[in-house]
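Structure at a glance
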Amino acid sequence: MFPTKAAIIDMGTNTFHLLLVELYEDKYNTIYKEKIPVKIGQGGISQNNIHTDAIKRAFHTLKHFRSMIDGEGIQNIFAFATSAVRNAQNGRAFVNQIKELFQIEVNVINGIQEAQMIYEGIRFSGSLNGETYLMMDIGGGSVEFIIGNSNEAFWRQSFEIGGQRLLDLFHYHDPILPEEVEKLTFYLKEKLSELEQAILKYNPKGLVGASGTFDTLTDMYYASLHQTKSKNQQVFQLPKEEFEVIAQKLLTLNKEERLNIQGMIPMRVDMIVVASCLITYILKLVPVSVLVCSNFALKEGAIAQLMGKHSMATVVSQ
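Predicted, not measured: the structure shown is a model, and the values here were computed from it.

1. Focus on the overall build of the protein chain
Helix and strand counts for the protein chain stand at 13 helices and 11 strands. Relative to the compact-globule value of 20 Å for 318 residues, the protein chain shows a C-alpha radius of gyration of 19 Å, a close match. Principal axes of the C-alpha set define a box for the protein chain whose edges measure 50 × 45 × 40 Å. For the protein chain, with 318 residues in total, the buried portion stands at 55%. For the protein chain, the share of sequence-separated contacts (at least 6 apart) that also reach a separation of at least 24 residues comes to 69%.

Structure, rendered in structure tokens:
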């Protein structure tokens, strides 16, 4: 059987991902993957707008993605946009321009669809078993939470409290001030009351973090052990105590110092402080000794759906 080639574009608030794959019935091969810190939320997300500079960066990146897709002769393109685009007043115009300029049809997915696709990605990674887990994905615009196991998601929700939004609201000083952390924590308690109720109802025993911030945290942890993460591994474990050491360190360092931490990447250096504050808050609600980190998230969820390993096929076909 000849494989079907497909391109997946995940237009996140902070990062644009391109994934080119060959799809078989029971597996897929990655032809090429790339992530670029487009930061379309920067300078406009708090006003529900995509800034003109961000649009320029997005178009520059999509032009590059389009040439990579064409270079592989790929016809099937699945492009998704999330929080920054779905909430922007000029989001629809932005998507229309992308279609006109690059012949790429962008599916602007809602928060529940995004959470479902992240769940599909986490499940595809092999992070889950029969236990009930709380899963989270910290984006630049929104944060998705899912409660479920390897068979199904019982509850899923998206909250517009992503890294870029928290950065704009609370991180005015560098290093962040204790009172800024305090205000941020109070804000999370206010915004996440629905999540607290769901945790009480479903009583998850584990915590899985998807991609992004969690990738960088595990990179830093492995670097501190003088180890390198295996390229073929999708699931990593970060002991809670080690996370707390890293999180505490992040609160006391300025940007330049954070950049010098082994395992840190420039695209994550700003948002990782507020993202760590969010994880710290969540760990008070779900007492675990180990954080499970899946490097599969939304784009792999799209692959799982395309391969039919999913419980909600409607998202990619809309």
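Alright, that's what it looks like, and here's the rest.
2. Some points on helix α8 (residues 212–224)
Over its 13 residues, α8 runs 19 Å from end to end, which matches the ideal 18 Å to within 8%, given 1.5 Å per residue. In terms of residue burial, α8 counts as a mostly covered element, since 11 of its 13 residues are buried. Where α8 is concerned, the buried positions are Gly212, Thr213, Phe214, Asp215, Thr216, Leu217, Thr218, Met220, Tyr221, Tyr222 and Ala223. Here the buried face of α8 lies against β6 (133–138), β9 (206–210), β10 (235–239), α9 (240–252), α11 (272–285) and β11 (290–294). Note on α8: the residue one or two positions beyond its end, histidine 226, has a positive phi of about 60°.

3. Some words on the pairing of strand β1 (residues 4–11)
Burial of β1 is extensive: 6 of the 8 residues sit out of reach of the surface. Relative to strand β2 (residues 16–23), β1 is paired through 8 bridges, and the arrangement is antiparallel. Its bridge partner being in β2, alanine 7 is matched across the sheet by leucine 20. As paired elements, β1 and strand β4 (residues 76–81) share 6 bridges and run parallel to each other. Note that in β4 the partner of alanine 7 across the bridge is isoleucine 77.

4. Notes on the packing of aromatic side chains
Under the counting rule described, the total for this entry stands at 9 aromatic pairs. Taken together, a centroid distance of 5.9 Å and an interplanar angle of 70° make the contact between phenylalanine 145 and phenylalanine 159 edge-to-face. One end of the pair, phenylalanine 145, is in strand β7 (residues 143–148); the other, phenylalanine 159, is in strand β8 (residues 153–159), with 14 residues separating them in the sequence. Taking the relative accessible area as the measure of exposure, phenylalanine 145 reaches 0% and is therefore buried. By relative accessible area, phenylalanine 159 is classed as buried at 8%. In textbook terms, an aromatic cluster arises when at least three aromatic residues are bridged by ring pairs, as seen for Tyr28, Phe124 and Phe296. Lysine 229 extends its terminal NZ or CZ atom over the ring of phenylalanine 236, reaching a point 4.6 Å from the ring centre.

5. Some thoughts on the environment of glycine 130
For glycine 130, the position within the fold is in the loop between α4 (111–125) and β6. Taking the relative accessible area as the measure of exposure, glycine 130 reaches 62% and is therefore exposed. Distance from glycine 130 to valine 290, taken between C-alpha atoms, is 17 Å for residues 160 residues apart in sequence. For glycine 130, the residues in contact, after removing those within four places along its chain, are Asn149 and Ser150.

6. Details of the sheet that holds β4
Spatial ordering of the open sheet is given by β3-β2-β1-β4-β5, a layout of 5 strands whose pairing is mixed. Lying at the two open borders of the sheet, with one neighbouring strand each, are β3 (28–36) and β5 (106–108). On average, each strand axis in the sheet is tilted by 20° relative to the strand beside it, whichever way the strands run. Two strands pair when backbone bridges link them, and β2 and β3 are joined in this way by 8 bridges, in the antiparallel orientation. Bridging across to β3, valine 21 finds its partner in threonine 30. Contacts between helix α1 (residues 52–71) and the sheet are confined to β1, β2, β3 and β4, with β2 contributing the most and set at about 15° to the helix. Across the sheet, helix α12 (residues 298–307) lies against β1, β2, β3 and β4, angled at about 25° from β2, the strand it touches most.

7. A look at the side chain of arginine 66
Residue position: arginine 66 is located in helix α1. Of the residues examined, arginine 66 reaches a relative accessible area of 18% and is grouped as buried. Reaching out from arginine 66, the side chain makes a polar contact with the backbone oxygen of phenylalanine 102 at a distance of 3.0 Å. Sequence-distant contacts of arginine 66, defined by excluding residues within four places in its chain, comprise Ile77, Phe102, Gln103 and Ile104.

Criteria and thresholds
Residues numbered from 1 in each chain as written. Predicted model: local features only at pLDDT ≥ 70, side-chain atom pairs only at ≥ 80, totals over all residues. Heavy atoms only, no water. Helix = DSSP H or I, 4+ residues; strand = E, 2+ residues; numbered from the N terminus. Rg over C-alpha atoms; globule rule 2.2 N^0.38 Å. Buried < 20%, exposed > 50% of the residue type's maximum accessible area, 1.4 Å probe, protein only. Contact = heavy atoms within 4.5 Å. Expected span 1.5 Å × (residues − 1). Pairing = 2+ DSSP bridges. Phe/Tyr/Trp six-rings, centres within 6.5 Å; stacked < 30°, edge-to-face > 60°. Lys NZ or Arg CZ within 6 Å of the ring centre and 35° of its normal. Axes fitted to C-alpha atoms, helices over the stretch in contact; angles between N-to-C directions. Polar contact = N/O pair within 3.5 Å; in protein donor to acceptor, adjacent residues only side chain to side chain.

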